[in-house]
Amino acid sequence: MSEFNDINARGLVLVGCGRMGGAMLKGWLAQGLQAGAVTVIDPKLAPEWQDKGLRVNAPLPENPAVLVLAVKPQMMADALGELPDLEDTLVVSVAAGTTISTFEAAFPGAPVIRVMPNTPAAIGKGISALIGNDGATAAHLDLAETLMSAVGRVVRLDNEAQMDAVTGLSGSGPAYVFHLIEALARAGEAQGLSADMALELARMTVAGAGALAVDADEDPAVLRENVTSPGGTTAAGLKVLMDEETGLPPLIRRTVAAATERGRELGKGAK
Ligand SMILES: NC(=O)C1=CN([C@@H]2O[C@H](COP(=O)(O)OP(=O)(O)OC[C@H]3O[C@@H](n4cnc5c(N)ncnc54)[C@H](OP(=O)(O)O)[C@@H]3O)[C@@H](O)[C@H]2O)C=CC1
Ligand SMILES: O=C(O)[C@@H]1CCC=N1
């Protein structure tokens, strides 16, 4: 029996099937969501989605179980304006910044859940944080958690204000890690490695360390110490990286703070 039974019976509407919407849809279909139960609204849907049995830019089902909004925050008002009134449908938004109050205004009385996923959802390795409005029951939260746990892990927030920090950390975070790979590769090249060799070493180092950080019982700090021989190479590298004034900690603090602040601005309607 699929955990998507109710959704397969009543339907799911996905508005915006770009990088994030597409990543989630890929995971949901792989986990038992039936393509015929999904109505995708996206005027310029990528060709890869055209022959999957989805209902593409079709009229919405009468009473879908879930409406997932995955358009850019700047496009949200337009997208909401194109949707009909809904009854007994769970509204789920993954948009950065856009607050629950926006969806309550668009769908008065509806249960609303705000989710912040990330793109590793495409391979079932995402992390999502979610929080519902007062109209979202335990069953609604469980339904959203069913959807998001099909594409990775889920944490629940107790305060919507935390969502911008989540966005700045794990929503945007994959981009920081991809940039770390790029930077490591370039640094390897600077030390005489070929571009291909440096990229392969950097990519697999980040992937392997990430997998170990998840699988191992030890804290990341212990895993770091396990690599660091006294008087060895890692200690020499970490002396630069961990400098509290010029190293990674202040840089990452500023990075996450800037992303968090941008989430707050988007929530206030910035373009
Ligand atoms: N990308 C990421 O890593 C993450 C994104 N998010 C959130 O997900 C949302 C989508 O981001 P992302 O997937 O990156 O963006 P994309 O631009 O890749 O996808 C959005 C899709 O929605 C389409 N679209 C635009 N207007 C409408 C409309 N009125 N009705 C239906 N579809 C429409 C876009 O078409 P067109 O291109 O033609 O405009 C596009 O295909 C954002 O709110 C973002 O904050 C959250 C977490 C992570
Ligand atoms: O860059 C953005 O605004 C979106 C939200 C989190 C990741 N991408």
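Model, not experiment: these values are computed from the prediction.

J.: Sorry if this is basic, but what is going on with the layout of surface pockets here?
T.: To locate leftover empty space, one rolls a probe as large as a water molecule over the atoms. For the second largest pocket, the calculated volume is near 1100 Å³. Every residue lining the second largest pocket is counted, 40 residues in all, and those nearest its centre are Met20, Ala70, Val71, Lys72 and Pro73. Mapped onto the lining of the second largest pocket, the elements with two or more residues apiece are helix H2 (19-30), helix H3 (76-81), helix H6 (163-171), helix H7 (173-190) and helix H11 (248-267). Looking at which element gives the most residues to the lining of the second largest pocket, the answer is H11, with four residues. Classifying every residue of the lining of the second largest pocket gives 23 nonpolar, 10 polar and seven charged. Each of domain 1 (5-163) and domain 2 (173-267) accounts for three or more of the residues forming the lining of the second largest pocket.

J.: Which parts of the structure should I look at to understand empty space enclosed by the protein?
T.: Summed over the entire model, instances satisfying the criterion amount to one cavity of 30 Å³ or more. Approximately 30 Å³ is the volume found for the largest cavity. Lining the largest cavity are Met24, Trp28, Val68, Val92, Val115, Ala144, Leu147 and Met148. Put simply, the parts of the chain that give the lining of the largest cavity at least two residues each are H2 and helix H5 (138-149).

J.: Explanation requested: the site of ligand 1 in the structure shown.
T.: In the vicinity of ligand 1, 23 residues are found, and the nearest of them are Arg19, Met20, Asp42, Val71 and Ala96. One nitrogen or oxygen atom from the main chain of Ile41 is found 3.5 Å from a nitrogen atom belonging to ligand 1. Between ligand 1 and Asp42 there is a distance of 2.7 Å, counted from an oxygen atom to a side-chain nitrogen or oxygen. Within the complex, 80% of the 880 Å² of free accessible area of ligand 1 lies under protein. Of all the cavities here, the one that holds ligand 1 is the second largest pocket. Split by residue class, the shell around ligand 1 holds 15 nonpolar, three polar and five charged.

J.: Which parts of the structure should I look at to understand the sheet that holds strand E6 (residues 112-116)?
T.: Sheet strands pair by backbone hydrogen bonding; their relative direction is either parallel or antiparallel. Taking strand neighbours across the sheet as the criterion, the eight strands line up as E3-E2-E1-E4-E5-E6-E7-E8 in an open arrangement whose pairing is mixed. The two strands at the open ends of the sheet, each matched to only one other strand, are strand E3 (55-56) and strand E8 (152-156). For E6 and strand E7 (residues 126-132), the ladder comprises four bridges, and the chain directions are antiparallel. Along E7, the bridge assignment pairs Val115 with Leu130.

J.: Even after reading the chapter, I still don't get the pattern of salt bridges, so can you show me in this structure?
T.: Between side chains of opposite charge, a pair can form when the charged atoms approach closely. As enumerated under the stated definition, the model contains nine salt bridges in all. Put simply, Arg10 and Asp6 hold a salt bridge, and the shortest N to O gap is 3.8 Å. With Arg10 and Asp6 both in helix H1 (residues 5-10), this residue pair falls four residues apart, about one helical turn. Judged by its relative accessible area of 25%, Arg10 is partly exposed. Members of the salt-bridge network, linked through shared partners, are Asp6, Arg10 and Asp88.

J.: Help me out: how do you make sense of the site of ligand 2 in this one?
T.: The environment of ligand 2 is made up of Ala96, Thr167, Gly171 and Ser172. Relative to its free-state accessible area of 250 Å², ligand 2 is covered by the protein chains to the extent of 48%. According to the grid-proximity analysis, the pocket containing ligand 2 is the second largest pocket.

J.: What's the story with the packing of H7 against helix H8 (residues 195-215) in this structure? I'm lost.
T.: The packing of two helices is summarised by the inter-axis angle and the distance between the axes. Remark: H7 packs on H8, axes separated minimally by 8 Å, with the N-to-C direction vectors making an angle of 140°. With respect to H8, the axis of H7 lies oblique. The handedness of the crossing between H7 and H8 is right-handed. In contact with Val177, Leu180, Ile181, Leu184, Ala185, Gly188 and Glu189 of H7, H8 contributes Ala195, Ala198, Leu199, Ala202, Arg203 and Val206. In terms of residue class, the contact of H7 with H8 is made up of 10 nonpolar, one polar and two charged.

J.: Can you help me understand the domain arrangement of the chain in this one?
T.: In many analyses, interface size is given as the accessible surface area lost on bringing the parts together. Taken domain by domain, the chain consists of domain 1 (5-163) and domain 2 (173-267). Between domain 1 and domain 2, the C-alpha centre-to-centre distance is 32 Å. Counting residues at the interface gives nine residues for domain 1, matched by six residues for domain 2. Regarding the contact of domain 1 and domain 2, the summed buried area is about 480 Å², with carbon and sulfur atoms giving 66% of it. The interface formed by domain 1 and domain 2 contains zero salt bridges. The interface formed by domain 1 and domain 2 holds zero residue pairs in polar contact (both at pLDDT 80 or more) in total. In terms of residue class, the side of domain 1 that touches domain 2 is built from three nonpolar, five polar and one charged.

The rules behind the values
Residues numbered from 1 in each chain as written. Chains lettered and ligands numbered in written order. Predicted model: local features only at pLDDT ≥ 70, side-chain atom pairs only at ≥ 80, totals over all residues. Heavy atoms only, no water. 1 Å grid on protein atoms, 1.4 Å probe; cavity = no way out; pocket = protein on both sides within 12 Å on 5 of 7 lines; lining within 4 Å. Points joined across faces, edges and corners; volume = space filled by probe spheres on them. Helix = DSSP H or I, 4+ residues; strand = E, 2+ residues; numbered from the N terminus. Nonpolar A, V, L, I, M, F, W, Y, C, P; charged D, E, K, R; others polar. Domains from an automatic or database assignment. Near = heavy atom within 4 Å. Polar contact = N/O pair within 3.5 Å; in protein donor to acceptor, adjacent residues only side chain to side chain. Areas by Shrake-Rupley, 256 points an atom, 1.4 Å probe, with all protein chains shown as cover. Sits in = over half its atoms within 2 Å of the grid points. Pairing = 2+ DSSP bridges. Salt bridge = Lys/Arg side-chain N within 4 Å of Asp/Glu carboxyl O. Buried < 20%, exposed > 50% of the residue type's maximum accessible area, 1.4 Å probe, protein only. Axes fitted to C-alpha atoms, helices over the stretch in contact; angles between N-to-C directions. Parallel < 35°, antiparallel > 145°, perpendicular 65-115°, else oblique. Left-handed = near helix turned anticlockwise from the far one by under 90°. Contact = heavy atoms within 4.5 Å. Buried area = accessible area lost by both parts, 1.4 Å probe.

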